Structures are given as C-alpha cells and as structure tokens.
Amino acid sequence: MDIAKYSLRFPTNVWLMVLIFMLGGVIALSKIGRLEDPPFTIKQVKVITQYPGASAHQVEQEVTELLETTIQQMSQLRRVTSVSAPGRSDITVEVERNFDGSELPQIWDELRKRLHDVQGNLPPGTQAPVVYDDFGEVFGLYYALTAPEFSATELRHFAKQIRRELLMVEGVAKVQVSGIRQEQITAYIDPYRLASLGVSFPQIAQLFSENIRPFNGGRVEIDGKQLRVLVDEPSSQVDALENISMVVPGTNRTIKVSDVATLKVEPADIQPAYMRHQGNEAVTLAVSAQSGVNIVDVGHNVREKIEQVITQLPAGISLDAIYDQASIVDESVDGFIQNLVISVAVVVLTLWVFMGWRSAVVVGTTLLVTVMGTVLIMWLMELRLQRISLGALVIAMGMLVDNAIVIAEGMMMQVKRGERPQSAASFIVKRTQWPLLGATIIGIAAFSGIGLSDDATGEFLYSLFAVVMISLLLSWVLAITLVPILGKWLYRPDDGATGEEIVSPFQHKFIGVLRGILKVRWVALAGLLIVTVIAYGSFGMVKQGFFPPSNAPLFYIHYWGPQDTDIRATEQAVRELEQTVLGKDGVIAVSSFIGRGADRFTLTYAPQQANESYALMLVRVTDKALIDDLIAALRTELPQQDQNAEFYLQRLQFGPGVGAKIGIRFSGPDGEVLRQLAAQAMDTLRADGKLQDIRHDWREPGLTLNTEFDEVAAGTAGVSRADFRDTIEYATNGLKLGQLYDGDYAYPIRAKMAARAELSQLDAIANSQVWSSQQGRYVPFRQISAGLTLGSEEVQIQRRNRVPTITVWAEPGAGETASKARLRILPAIESIPLPVGYKLEWGGEFESSGDAQKALGQGLPAGFLVMFIVSVLLFGRACQPLIIWAVVPMAVVGVVAGLLATDMAFGFMSLLGFLSLFGMLIKNAIVLLEEIDLQVEEGKPIHDAILDATASRLRPVALAAVTTILGMAPLLTDAFFADMSVTIMGGLTFATILTLVAVPVLYSLLFKVSYRK
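Below or above, wherever it landed, is the structure these notes cover. None of the values given here were measured: they were computed from a predicted structure. (Residues numbered from 1 in each chain as written. Predicted model: local features only at pLDDT ≥ 70, side-chain atom pairs only at ≥ 80, totals over all residues. Heavy atoms only, no water.)

Description of the overall build of the protein
The line we're drawing: Where helices and strands are cited, they refer to DSSP runs of H or I of at least four residues and of E of at least two residues respectively, numbered from the N terminus. Buried means the residue's accessible area, taken with a 1.4 Å probe over protein chains only, is under 20% of the maximum for its type, while exposed means over 50%, and partly exposed covers the values in between. In this analysis, two residues are considered to be in contact whenever any of their non-hydrogen atoms come within 4.5 Å of each other. Areas reported as accessible are Shrake-Rupley estimates using a 1.4 Å probe. Residue values count occlusion only from the protein chains shown.
Helices and strands together make up the secondary structure of the protein, namely 33 helices and 30 strands. Its C-alpha atoms put the protein at 130 × 80 × 55 Å along the principal axes. Put simply, the protein has 1013 residues, and 54% of those count as buried. For the protein, contacts bridging at least 24 residues in sequence account for 81% of all contacts bridging at least 6. A total of about 42800 Å² of accessible surface is found on the protein, and carbon and sulfur atoms cover 55% of it.

What follows is the structure in structure tokens.
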C-alpha cells in the first residue's frame, strides 16, 4: 500500500483532514469541559442510623452488627467499615473497583432495599437507616459568607437568598449550605410551678402539637362557587405561642403558656457544626457543577452572580472564596498553552539547528495539527482538560515528533541524493510505515497498564492513557500523509547530487567510534551489564513514594481536643488558635470547620466525620514555598497554646487520599486488648524519635453521668423509663415539645428547667420532679434514683469488615519518605506479640501504593504481551525481538541516575514514566533493526549494514530523544509530574545510548558478525 503516493495524488483529502483537525481543535478548545482533577467515581456510600440514648457498645451490637451482616451479603461489596458512637451508627460501604459509575445507582438501590427489609429487626427506638450516596460529590466552588454585624437568623436568610440565586446560574448542579447556627424556641419552665398545677410534660407537648399545625376546615358551596373554610392558621410568632391556653387538670381554671413558661428564640445548645472564616462566624456555600460542563465558565458565571447579589444585600456582608477550582483550572489551562507553545518552539528550534528550517517547518506543522486533532477527539470522546490530560499532552509532545522526524529525515536525505520529492516520499513511507505503526502501538501498549487498571488510581489516570493513545495514533497517520505533502513543497532536489548515500562528517566520526566498540563487543556488553547491575543495586537508595504533595498554596491543621470535649469548648479554642495562625507572615486566609470536616471541595480530600472534639483549619498562604516552614513553626507553637489538644498538620496531596502516610491496623474481638496493642505500637513509634503526629483512631473513652434508675422504686411510684428520660432531658438539654415552621426553617420547641442561681446542673437533675404517668402526679427524682455516679465508656468503636479494628497513624519525619520510615520501624512493630485471634496489617501509603501497583500490574501482562507480539510480527524472526527485550531492562540505569541526582522519589507517576520509557526505547530499537535488515536485504554486506543503518538512524533517534527531553522540561516545575519527567529524561538519555550502541553490539553478537579484521 503506497499511502504517500495516494496522499500526493489526492492532497485535497489530506488538507480536508487537516482543516477539520485545526478548526475542530479551535472549537473544541473553547467548548471542552475543564476540571482540576479527572473525574473518577468514589465507590462509597454512607449508611447513617440513629439510635438515641444507646451507648456505643449497644449501637455496635444491636444496630451496626445487624446492618453490616446484611450489607456483607451483597456480591458487589469490597469492604465495609463502621464507627459506632453513642446514639449513632456510621457505616461506610465500598464496592469493588471494577464497577462503572453508571452501575452504582443500581447497586445503591439494592443496598437500600436490603436495609429496608431488615429495618423491622432493629431494636425499638432506632430510626430508619439513611443511605447518603452523594458522599463523593465534589464542590469545586467553595465560599464563606460572613456578616459580623448581623444575627444568626439574618445570616441564614442571606445564605438562603444567595443559594436561590446561585441555583439559577447555568451549569450549577447543587448549592449546599453548611454552618447555619441552629435556633430553637426554648420554654423555660419552673418545675415547682408546673408541679403545683399538676400539669405534665405530655400535656404540654400535646398542647403545642394541637395548636401549631395547620388545620383543614373543609369547604362550602355558595351560589355554585366553592369556598375553602379557614381555621385561624398558627402564627410563627413567639407571642402567639405564649397566649395558647389550657385548662388546669381537675379545675375549670384556664391558664396561658406564659403563666408557666418564658419563651425565647435562641441558639440551640449543641450545634451540629461551627464554621468560621478570617476570625468571624461564617456560613459556607458549596457549589458543584453539572457533569460535562466547563468549570471555568461556570466559575465565571457564579462570580458574576455573586457580585450582583452582594450589591443587593446590606453593607457589611462578605462572600469570600475558600477554594475556587475555576481559577485553578483556568491557570492550569493557561499554563498548558504556555507549555505547549514552549514545547513546539523547542521542537522547531531543535530541528532547525540539526535539520534545517525546512524540516523544522514540516515537523512543527505536523506536531501542531496532531495536538489540535487530539484536542478535537478528546472533546468528541467527552474527555476533559484537567491535570492529567494536560500533562499527558505535554508528555506526549516529544513522542509525537518521532514518526514525523523519521519520515521527514528520510525524505530529506533521499531528495539530497537526487530523488524527486514524490518518489522520495513514496520510498521512505513504504519502507517505514509498518515499523513505525508497530512501534507506535508498542508505545501505546506501554501505557495500557493504566487504561486496563480498575483501581481508583487507574481511573484517576485513565485520561493519561487515552490522550497518549489518541495523539500517538494521530502522529502516525499525519506522518505518512501530511509530511509527504509538506516535504514535496519544501524539499528541493540537489542538482549536483550523484545519487550516492550522503554521510556527514559527524556520522563518519560516529561510525569510527561504533566500529571501535564493535571490535570489543564483549567488553562493551560486559560494561553495559555491570552498569545495569550497579543501577539495580542502587535502586534501594532511591526514595520511594506514592503521590507528591499538591502545589496548591494550602495546608490543613487538624485539631483534636480530648474526646469528651464539648463542641462549644472546641469552638472557643479554635477562636484563639486562629489568631495565632493569622498572625504568621505569609498567611492570607484561615477557614475553620468545628465539629466536622469541610465539604469535599476537591476530589482528593476526604472529609472527617462529625466529632465535637475535632476542628479543621484550612490555611491559605501567599506562596506554596512557605508551607513547610509554617508547618514546622506551628507544629511547635500550637501545642504550647493548647496543651490538652493534639495537632496534625498536613499538606494537600495529589492523587487519591490515603489519610496519614503510615498506618498500623490491629484487628480482634476485644476492645481493651486492641487498645493495649495500639499503646505498644505508639510507644514504639515515639521511641523512634523521628516520626510525627502519632495517634490512634479510637480516641480516649468518654465520661458518663449515670442517673442510676431504680426499677423497684420506679415501679412502686408508677414511673416509666420514658417518664424518667423526659425529666432528665428537661433538666439538661431540653425536652422536645414540638416544632414550629417559619417558611422553610423548623424551630424545635424545647422545655427546659428555669435556671436557679443556687443550683448547679447536677443539683438541677437531683432536685427535679418526675411525672408519674400512672399516678398522675410528680415524684421527687431522688425517690426513684440511687444517685448520680461518674463512669466512662467507649465513644468510637471502629470496625473493618465486621471485626473491631484500631488503627495507629503517624507521619514520617521532615524530609523523609513514608517508605523509608516504615522500613525503619517494621521490625519493632512486627515483633509486638499478638494474642490468638488478633492480626496486624499495614495501611496508609504502603497499602494504597500497593493496591495501585497491584491494579496496574494486572493490566501490565496484557500490555507487554501486545508489545512482544508486535515486535515478533514486525520481524517474523526471534533474534530481533530478543535484542529489543534484552536492552529494555538496561533503561533503569538512566532512571536511577536521574532520580538520585535530583533526590526525587520513585512514586506512582515515576512508575508510569518508567513504563512509557520502555515504549520509547522499543520504538527506537525497532526502527533501527528494521533499517539494518532492509539494508542487508538490499545486498549490502552485514558489516556495513550495521554501521550505516545505525549512522542513518543517529539523527532521528538523537533528535527524538532531545525533543522529548526538552518537551519534559516544563513539567519539572509541576510537583505532580516532576518525578515522572526526571524518570523519562534520565532514562531516555541512557536509552538513546542503548539504541545506538547496545542494539548494534547485540546484533553483531547474535548474527556472529566480527569486526576484528
């Protein structure tokens, strides 16, 4: 098949393709979806079940165990973990990684059905399990609303108004409001006044219930018209509630609510969470975009709407961005375009220097069309521009020129020998089209481990494989169609050409050097083997990692007070800590989230579940270079300010989150034994002296106040447990009497004991009166209680796959990788004696990295099989593929040298770079071996063919390497791609030597070609 001849005969078809790619690429650039990170599905849901009044052990045994047993029957399940806390079961369900995002709704529906079926078996008082399947939703536009001069009610109304406006913005899917201060209507009741009147709590609750709900008065017909009959609708005003009347039991006297209670609208005692921004109380608005939209456009529209809405609100209101994904993506795309221009310019200038301006124009034009065509196909395939796909385009940049350089260089050399451009194009394309296609397929197959991986990391990086595949295939198509047309226009035959092969002075010198090496080929091979063995031996000196820290100028401060800390005390502590952090040079913003984590503002952030003793401070700085110094300083200062708390400071991470980098899990049946094992592990970690942020996830036991309900005395007095519970609630947080709606906000109505200055909270409980529903009178609390006693209980029982599991977390020391730290503590940790029935597992980065590499490894055999089969099919012999696969392991020399020289870690991205390096090396080796075989078939002596073919491939191989290496250079400043760039740059440098030296040496050995004579 003479593809070049066809292209030259029908150039209109090729130009039509070019026009489609260029115009389509321009259109695609303006319409293609843009995100910060590639979309991947978080295959988890939360199952929350409330069991009011139950201890953590009761919740575990009576609720969590039953639900986990039911959930574990699902065939799709990968893992189930849970936290049983007083009154609440929190189960995380994770399905197998091979399920597609489109299959998850059906799986979650099956989960809901199973939970509904088992709901009747839950103990009385348990609420229905709720499945939260939006657990993984990302809110890329995250704002803090502050209004210091306004009340919590007014702030709630402002947030509601802004939310309503933002939901009307095109491309916005959801706006989630968090941090609104919950308010309640509190009825402060004098218990002695209530007792003297003989009015019970159930009667008051019924009174409110009957007077605050809407009533249906029916309708009447008058003169053929219908009229709805209204009953006075309840007012939302507190005054109206105070005027509700009731008859005193046993009399005909009427009293109003105001006669026995003082009603106030006030903040709820226990808030679900507090939000703060820049030292002020705040409400957060988290905005998510619709699937497939351009987040940059959505962000622009949202900012415009915010500016418009703020002008309509009173002065003193601020809506600041905590995290603006749209701006980050916009900067990333601008950076990509800049890197693209730089890469194209580098390629063109490099070719100009070594091949002349004509070849520079030919290859540069082909490269530009390839990139634009790739963007077009990405848009059509619904691939978005994000961190991975943009990096893939830059990574592929150097590889894209390989095919075009081979065709252009071959065509140029043929023209210089006197051939007409048409025949030169036909000759070189027919000669190299199938080797180049095979080499291209091998280059794609090197990335196939990513495309075939069903791990979360593989899904995260899928676009890397897809973009490389699209761009490399396009580069081959354009190399054999567009390059001949451009070459026909630009390459001019040399009138003085003799038709003989032209060898440059540099090639002459190279041939001389290569001939000298081939004379001592065994020595050369031994040298290569020795260097390779040394490199493999030195690999242990290379740092090991997973994903690097993010280059965002943000870091986290995780605050953990004692587990029994009230959320109000946590909020007060954070108020003071904020000022310390804000006072640091370089800190420009601090957003605090008390009682829970932030909303998922970026894909790699996993929010902390609700806990009153927890707070997160998200700190923004002027420059990411300041983060390490700030973390080091605050790690020392903050514990001095609050000595009872623990602080864990952490940078944002690229890639799927893993929590702390070092995790040690102990599993077994008894919680006390687990705590002892965790204590031994923590002592070992502290003794290491280098590890930081050491803790475990069960936290401390919490304090309890036991009211010692006396069953016998209560039975005599006719007091039920429900009566006793109502009294305790009345004397503490308040007994819920009803709920009053004001628009879309529900005010709980709670009865609380009127405060008496001489009584403490404990005295208030002890001196309270308990209503006896059987006798219709009040009984003193002391008559049916043995007294108040202090105790302790577990407040967080963690389970993994239905087995109680405690996890010890730690961070490596400054400048140390998690892998190195783990290897150091490994013997001491694994020497901890484990009782029968208990086991130890390593979590953290070790587990996540292992899972990712295992999933990647599952796809590698198929990829390498394709690479091997293609290499065999191209030659139809065994020796040439043997040569190719013999040099592949030697590429590690350049990789190890590069990583050691730059002191970078070999992480997951480095592994991908290493795999892609195999494809590049094999591609160059194939083209060289094919050229040697063709020259031998044309009748050239094999001695000369090896030398001449290698010399003829010198410039294309060297230029492809140089352009690839220079194309990688812009990524050295990107934290995510830096180690991958070093891997490819260092490896390819040595791989070029392997192609031009090791391949001829091995060829001469296998084919027994001696150069000694």
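Describing unusual backbone geometry
Unusually for a residue other than glycine, Arg 699 sits at a positive phi of about 60°. Phi at Asp 903 takes a positive value of approximately 60°, unusual for a residue other than glycine.

Focus on the packing of aromatic side chains
The cut-off we apply is this: Here the aromatic set is Phe, Tyr and Trp, taking the six-membered ring for Trp, and pairing holds for ring centres within 6.5 Å; pairs whose planes are under 30 degrees apart are stacked, those over 60 apart are edge-to-face, and all others are tilted.
Enumeration according to the criterion identifies 23 aromatic pairs in this entry. Centroid distance Trp 15 to Trp 489: 5.5 Å. Interplanar angle 25°. Geometry classified as stacked. Residue Trp 15 is located in helix α2 (residues 11–31), and its partner Trp 489 is located in helix α17 (residues 462–490); the two are separated by 474 residues in the primary sequence. Of the residues examined, Trp 15 reaches a relative accessible area of 30% and is grouped as partly exposed. Ring geometry for Tyr 142 against Phe 593: centres 6.0 Å apart, planes inclined by 5°, an arrangement best described as stacked. Of the two residues, Tyr 142 is situated in strand β5 (residues 141–146) and Phe 593 in strand β17 (residues 587–594); the sequence distance between them amounts to 451 residues. Residue classification places Tyr 142 among the buried positions, given a relative accessible area of 0%.

Points about the nonpolar core
In plain terms, the rule: Definition used in this section: a nonpolar core is a set of buried Ala, Val, Leu, Ile, Met, Phe, Trp, Tyr and Cys residues joined via side-chain atoms within 4.5 Å.
With 185 residues, the main nonpolar core has Leu 145, Val 302, Leu 461, Leu 464, Leu 912, Phe 976 and Met 980 as its most contacted residues. Ranked by the residues each element gives to this core, the list is headed by helix α13 (residues 387–416), at 20 residues. If we skip the residues at most four places from it in the chain, Leu 912 touches Phe 447, Ile 450, Leu 461, Leu 464, Leu 856 and Met 980. Residues Ile 189, Leu 735, Tyr 745 and Val 770 belong to the second largest nonpolar core, which totals 45 residues.

A short note on the packing of helix α12 (residues 357–380) against α17
Basically, it comes down to this: Helix axes are fitted to C-alpha atoms over the stretch in contact, other axes to C-alpha atoms as well, and angles between N-to-C directions run from 0 to 180 degrees. Helix crossings fall into two classes, left-handed where the near helix is turned counterclockwise from the far one by less than a right angle and right-handed where it is turned clockwise. In this classification, Asp, Glu, Lys and Arg are treated as charged, Ala, Val, Leu, Ile, Met, Phe, Trp, Tyr, Cys and Pro as nonpolar, and every other residue, Gly included, as polar.
α17 packs onto α12 with a crossing angle of 145° between their chain directions and a minimal axis gap of 8 Å. In this structure, the crossing between α12 and α17 has a hand that is right-handed. On α17, the residues that touch Trp 357, Arg 358, Val 361, Val 362, Thr 365, Thr 366, Val 369, Thr 370, Gly 373, Thr 374, Ile 377 and Met 378 of α12 are Val 467, Ile 470, Ser 471, Leu 474, Ser 475, Leu 478, Ala 479, Leu 482, Val 483, Leu 486, Gly 487 and Leu 490. Its residues assigned to classes, the contact of α12 with α17 comprises 15 nonpolar, eight polar and one charged.

Comments concerning a nonpolar patch on the surface
Note the threshold: Residues with no salt bridge and a relative accessible area higher than 30% make up the patches, which join like charges within 9 Å and nonpolar side chains (Val, Leu, Ile, Met, Phe, Trp, Tyr) within 5 Å. Take a side-chain nitrogen of Lys or Arg and a carboxyl oxygen of Asp or Glu: if they are within 4 Å of each other, that pair is a salt bridge.
A cluster of nonpolar side chains, contributed by Leu 16, Leu 19, Ile 20 and Leu 23, occupies part of the molecular surface with about 380 Å² of accessible area. Looking at the secondary structure, you find Leu 23 in helix α2.

Points about the packing of helix α19 (residues 521–538) against helix α29 (residues 892–902)
For clarity, the cut-off: Oblique is the label for any angle not covered by the other classes, which are roughly parallel (under 35 degrees), roughly antiparallel (over 145) and roughly perpendicular (65 to 115).
Contact geometry for α19 and α29: axes closest at 8 Å, N-to-C directions at 45°. On the basis of the axis angle, α19 is oblique to α29. Considering how the two elements wind past one another, α19 and α29 form a crossing that is left-handed. Facing α19, whose interface residues are Val 531, Thr 532, Ala 535, Tyr 536 and Ser 538, α29 presents Val 892, Val 893, Val 896 and Leu 900. A breakdown of the residues in the contact of α19 with α29 according to their chemical character gives seven nonpolar, two polar and no charged.

What to know about the side chain of Ser 288
Just so we agree on the cut-off: A 3.5 Å cut-off defines polar contacts: any pair of N or O atoms within that distance qualifies, except that in protein one atom must be a possible hydrogen donor and the other a possible acceptor, and neighbouring residues in sequence count only when both atoms are side-chain atoms.
Examined against the element boundaries, Ser 288 turns out to sit in strand β14 (residues 280–289). A distance of 3.1 Å separates the side chain of Ser 288 from the side chain of Glu 137, its partner in a polar contact. Residues in contact with Ser 288, not counting those within four places in the same chain, are Glu 137, Val 138, Phe 139, Gly 171, Val 172, Ala 173 and Lys 174.

Observations regarding the sheet that holds strand β24 (residues 745–753)
Two orientations exist for strands paired in a sheet by backbone hydrogen bonds: parallel and antiparallel. Our working rule: Here a strand pair is declared whenever DSSP counts at least two bridges between the two strands.
Ordered by their spatial adjacency, four strands build an open sheet running β12-β7-β24-β23, and the pairing between neighbours is mixed. Each edge of the sheet is formed by a strand with only one pairing partner; in this case those strands are β12 (261–267) and β23 (735–742). Taken pair by pair, the neighbouring strands of this sheet meet at an average axis angle of 25°, ignoring direction. Relative to β12, strand β7 (residues 183–189) runs antiparallel, the two sharing seven bridges. From the neighbouring strand, Glu 183 faces β12, where its bridge partner is Pro 267. Against the sheet, helix α24 (residues 721–731) makes contact with β7, β23 and β24, and its axis sits at roughly 100° relative to β24, the strand it touches most.

Some thoughts on α2
Going by this rule: An expected span of 1.5 Å times one less than the residue number is assigned to each helix.
The end-to-end C-alpha distance of α2, which contains 21 residues, comes to 30 Å, matching closely the 30 Å that a straight helix rising 1.5 Å per residue would cover. Along α2, the positions that sit buried rather than exposed are Val 14, Val 18, Phe 21, Gly 24, Gly 25 and Ala 28. Check the buried side of α2 and you find it contacts α1 (3–9), α12 and α17.

Details of helix α7 (residues 201–212)
Since the α-helix advances by 3.6 residues per turn, residues separated by three or four positions end up pointing in the same direction. Selection criterion: By definition, the arc is the one covered by directions from the helix axis to the C-beta atoms.
In this model, α7 (twelve residues) spans 17 Å end to end at C-alpha, consistent with the 16 Å of a helix rising 1.5 Å per residue. Of the residues making up α7, those classed as buried are Phe 201, Ile 204, Leu 207, Phe 208 and Ile 212. Each buried residue of α7 lies within a common arc of 125° when the element is viewed along its axis, so the set occupies one face.

A word on the pairing of strand β20 (residues 662–667)
Working note: regular strand, side chains alternate between the two faces of the sheet. Among the six residues in β20, six count as buried, and that is most of the element. Side chains Ile 662, Ile 664 and Phe 666 project from β20 onto one buried face, and the interleaved Gly 663, Arg 665 and Ser 667 project onto a second face that is buried too. Sheet analysis places β20 next to strand β29 (residues 803–811), joined by six bridges and oriented antiparallel. Considered in β29, the bridge of Ser 667 is made with Thr 805. Pairing of β20 with strand β30 (residues 839–843) involves five bridges; the strand directions are antiparallel.

Let's talk about the pattern of salt bridges
For side chains of opposite charge, pairing can occur when their charged atoms come near one another. What the rule picks out here adds up to 52 salt bridges. Here Glu 841 ties to Lys 839 by a salt bridge, and the two come within 3.6 Å at their closest N and O atoms. In this structure Glu 841 comes out as partly exposed when scored by relative accessible area, which is 25%. Several salt bridges share partner residues, and in doing so they unite Arg 181, Arg 276, Glu 281, Glu 571, Arg 575 and Glu 578 into one network.

Some details on the environment of Val 999
Among the secondary structure elements, Val 999 is positioned in helix α33 (residues 978–1006). Given the relative accessible area of 0%, Val 999 is considered buried. The contact partners of Val 999, leaving out residues within four places of it in the chain, are Ile 883, Val 887, Ala 925, Leu 928, Leu 929 and Leu 994.

What about the side chain of His 558?
Mapping His 558 onto the fold places it in strand β16 (residues 554–560). For His 558, the side chain forms a polar contact with the side chain of Gln 650, separated by 3.1 Å. Setting aside chain neighbours within four positions, we find His 558 in contact with Tyr 614, Ala 615, Leu 616, Glu 646, Phe 647, Tyr 648 and Gln 650.

Some words on the environment of Lys 5
Turning to its location among the elements, Lys 5 is positioned in helix α1. Once the C-alpha coordinates of Lys 5 and Glu 576 are considered, the two residues, 571 residues apart in sequence, prove to be 77 Å apart.

Remarks on the environment of Ile 428
Looking at where Ile 428 falls in the secondary structure, it is placed in helix α14 (residues 421–445). By relative accessible area, Ile 428 is classed as buried at 9%. Between the alpha carbons of Ile 428 and Ile 480 there is a distance of 9.3 Å; along the sequence they are 52 residues apart. Excluding residues within four positions of it along the chain, Ile 428 makes contact with Val 406, Ile 407, Gly 410 and Met 411.

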